[in-house]
Amino acid sequence: MKTIGLLGSTGSIGKNVLRVIDTHPERFSIAYMTANTQVDVLIEQAKTYMPHTVIIGDEKKYDVLCKGLSGTGITCAAGYTAIVNISRDIEVDVILNAIVGIAGMQPTIAAVKKGRDVALSNKESLVMAGTLINNICAETGAKIFPVDSEHSAIWQCLTGESESNVEKIILTGSGGPFLRRELSTFDMIRPEEALKHPNWSMGAKITIDSATMINKGLELIEAYHLFHLDASRIDIMIHPESIIHSMVQFNDGSIKAQLGIPDMKVPIQYALSYPEHLPSNWPRLDLTEIATLHFEQPDNTRFPSLALARQVLKQGETYPAVFNVANEQAVYRFLNGEISFPEITASVKRALDDHQPLDPLSLEDILKISKIRMN
Ligand code: MG
């Protein structure tokens, strides 16, 4: 039985983790679970999966949590610090970090410092502090297992291969809802339109990131830290059907791709069961039904975010952290109706232009950046 610490159980990824556990109750159990604000959902989940501890990030909801779980024997706690501390203090086989945004970084760092393996859905951890996290992992022996579908695909393609055989990796991206939209109308895009992803059903933050393709930029930086390849050896390709989740090209020109229907349960399960592919009864990909797959180069005028991501990787230092923080702030401002859609990427660019780099290996400096109001 593998014990799992589940961070972010009430979000889209967290709920899919629980579906994976439903599929293999004899293999996985939840040791603890945390959520940010959705206390009612958390209480229901806790009653079903009976972890020993449950934490709600929002301290105002602590009483509701305790009341909801009274008589169950489950320990309740509240606050962000409690979430970071449990990642550090409690022994589990793997922590699945499905926290949304920058808030996911400190639990990842706390876990790997203690040598704990992390199945990482929170790409912001690596974008903000990838070099620091890799250094800590090298010291403590902790491992990061990718949950992001593209990175899971690359990981699967690389299994059994040596890194020296790899020529490049090819990250695929659907292009989001605005791949064909008239460019002159981008400043009229409303949040409701941007929240409609053609293939993947995901949380609001990542869905907006997919619409700007900043998500693919974040994934480029994530891939750089996970697979230790220079950015010039990481291509980005538009593939509107999201059937090929990414590819690896080897020195002889041979390409391996990982395919499947867009369903996050598959990469989640693989991150928990690696190197095994456990059975599942989820829907299968029928290529005869899909029949045709399409590919194209990304249009840098439509998606200026991709060039920005390459620029920050080249600049290094704390530029990737600023890229992430400025974007996160801009996305919530867009969702609140405060700024236009093109202003998301424009404000990220301004924040990068204004940035005076700090020390990328100092958690304190990285946290300082996460608190700057950028737009
Ligand atoms: Mg992804």
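Conventions used here
- Residues numbered from 1 in each chain as written.
- Predicted model: local features only at pLDDT ≥ 70, side-chain atom pairs only at ≥ 80, totals over all residues.
- Heavy atoms only, no water.
- Donors = N, O, S within 2.8 Å, 3.2 Å for Na, K, Ca; no water.
- Helix = DSSP H or I, 4+ residues; strand = E, 2+ residues; numbered from the N terminus.
- Buried < 20%, exposed > 50% of the residue type's maximum accessible area, 1.4 Å probe, protein only.
- Salt bridge = Lys/Arg side-chain N within 4 Å of Asp/Glu carboxyl O.
- Axes fitted to C-alpha atoms, helices over the stretch in contact; angles between N-to-C directions.
- Parallel < 35°, antiparallel > 145°, perpendicular 65-115°, else oblique.
- Left-handed = near helix turned anticlockwise from the far one by under 90°.
- Contact = heavy atoms within 4.5 Å.
- Nonpolar A, V, L, I, M, F, W, Y, C, P; charged D, E, K, R; others polar.
- Core = buried A, V, L, I, M, F, W, Y, C linked by side-chain atoms within 4.5 Å.
- Domains from an automatic or database assignment.
- Pairing = 2+ DSSP bridges.
- Right-handed = clockwise from strand over helix to strand, strands pointing away.
- Buried area = accessible area lost by both parts, 1.4 Å probe.
- Polar contact = N/O pair within 3.5 Å; in protein donor to acceptor, adjacent residues only side chain to side chain.

Notes on the coordination of the magnesium ion
Here is step 1: With distances of 2.1 Å, the protein atoms coordinating the magnesium ion are Asp148 (OD), Glu150 (OE) and Glu219 (OE).
Here is step 2: Of note, the magnesium ion draws all its donor residues from one chain, in the sequence arrangement D-x1-E-x68-E. Linking Asp148 in the loop between β7 (144–146) and α7 (149–158) with Glu219 in helix α10 (residues 214–227), this pair joins segments that are 71 residues apart in sequence. Of the two residues, Asp148 and Glu219, neither departs from the other in class, the shared state being buried.

Quick word on the pattern of salt bridges
Here is step 1: Applying the stated rule across the entire model yields 24 salt bridges.
Here is step 2: Where Glu150 meets Lys216, a salt bridge forms, and the shortest distance between an N and an O atom there is 2.8 Å. Of the two residues, Glu150 is situated in helix α7 and Lys216 in helix α10; the sequence distance between them amounts to 66 residues.
Here is step 3: For Glu150, a relative accessible area of 8% puts it in the buried group.
Here is step 4: The closest approach of N and O atoms between Asp209 and Lys205, which form a salt bridge, is 2.5 Å. Taken together, the positions of Asp209 and Lys205, both in helix α9 (residues 204–212) and four residues apart, correspond to about one turn of that helix.
Here is step 5: Among the residues examined, Asp209 registers a relative accessible area of 2% and is labelled buried.
Here is step 6: According to the relative accessible area criterion, Lys205 is buried, its value standing at 4%.

A short note on the packing of α10 against helix α14 (residues 319–335)
Here is step 1: It is at 11 Å that the axes of α10 and α14 come closest, and there the two elements cross at 150°. Judged by the angle between their axes, α10 and α14 are roughly antiparallel. Between α10 and α14 lies a crossing of left-handed hand. Where α10 approaches α14, its residues Ile214, Gly217, Leu218 and Ile221 are matched on the opposing element by Pro320, Phe323, Asn324 and Asn327.
Here is step 2: Tallied by class, the residues present in the contact of α10 with α14 amount to five nonpolar, three polar and no charged.

A short note on the nonpolar core
Here is step 1: Ranked by size, the top nonpolar core spans 116 residues in total, and within it Leu96 and Phe323 carry the most contacts.
Here is step 2: Considering every element that reaches this core, the biggest residue donor is α14, with nine residues.
Here is step 3: Both domains that furnish three or more residues to this core are identified here as domain 1 (2–146) and domain 2 (163–262 + 288–370).

Quick word on the pairing of strand β2 (residues 28–35)
Here is step 1: Across the eight residues of β2, seven count as buried, placing the element largely inside the fold.
Here is step 2: Alignment of strand β1 (residues 2–7) against β2, held across six bridges, turns out to be parallel. Directly across from Ile4, in β2, lies its bridge partner Ile30.
Here is step 3: The handedness of the β1 to β2 crossover, carried by helix α1 (residues 12–23), is right-handed.
Here is step 4: In this structure, β2 lies alongside strand β3 (residues 53–56), joined through four bridges in parallel fashion. Looking across to β3, one finds that Met33 is bridged to Val54.

Let's talk about the domain arrangement of the protein chain
Here is step 1: Assigned domains of the protein chain: these are domain 1 (2–146) and domain 2 (163–262 + 288–370).
Here is step 2: Taking the mean C-alpha position of each, domain 1 and domain 2 sit 25 Å from one another.
Here is step 3: Each partner contributes residues to the interface: domain 1 has 20 residues there, and domain 2 has 25 residues.
Here is step 4: Area buried by domain 1 at its contact with domain 2 is led by Lys123, Val127 and Met128, which between them contribute 34% of it.
Here is step 5: In this structure, Glu124 engages Lys205 in a salt bridge whose closest nitrogen and oxygen atoms are separated by 3.7 Å.
Here is step 6: For the interface between domain 1 and domain 2, the tally reads four residue pairs in polar contact (both at pLDDT 80 or more).

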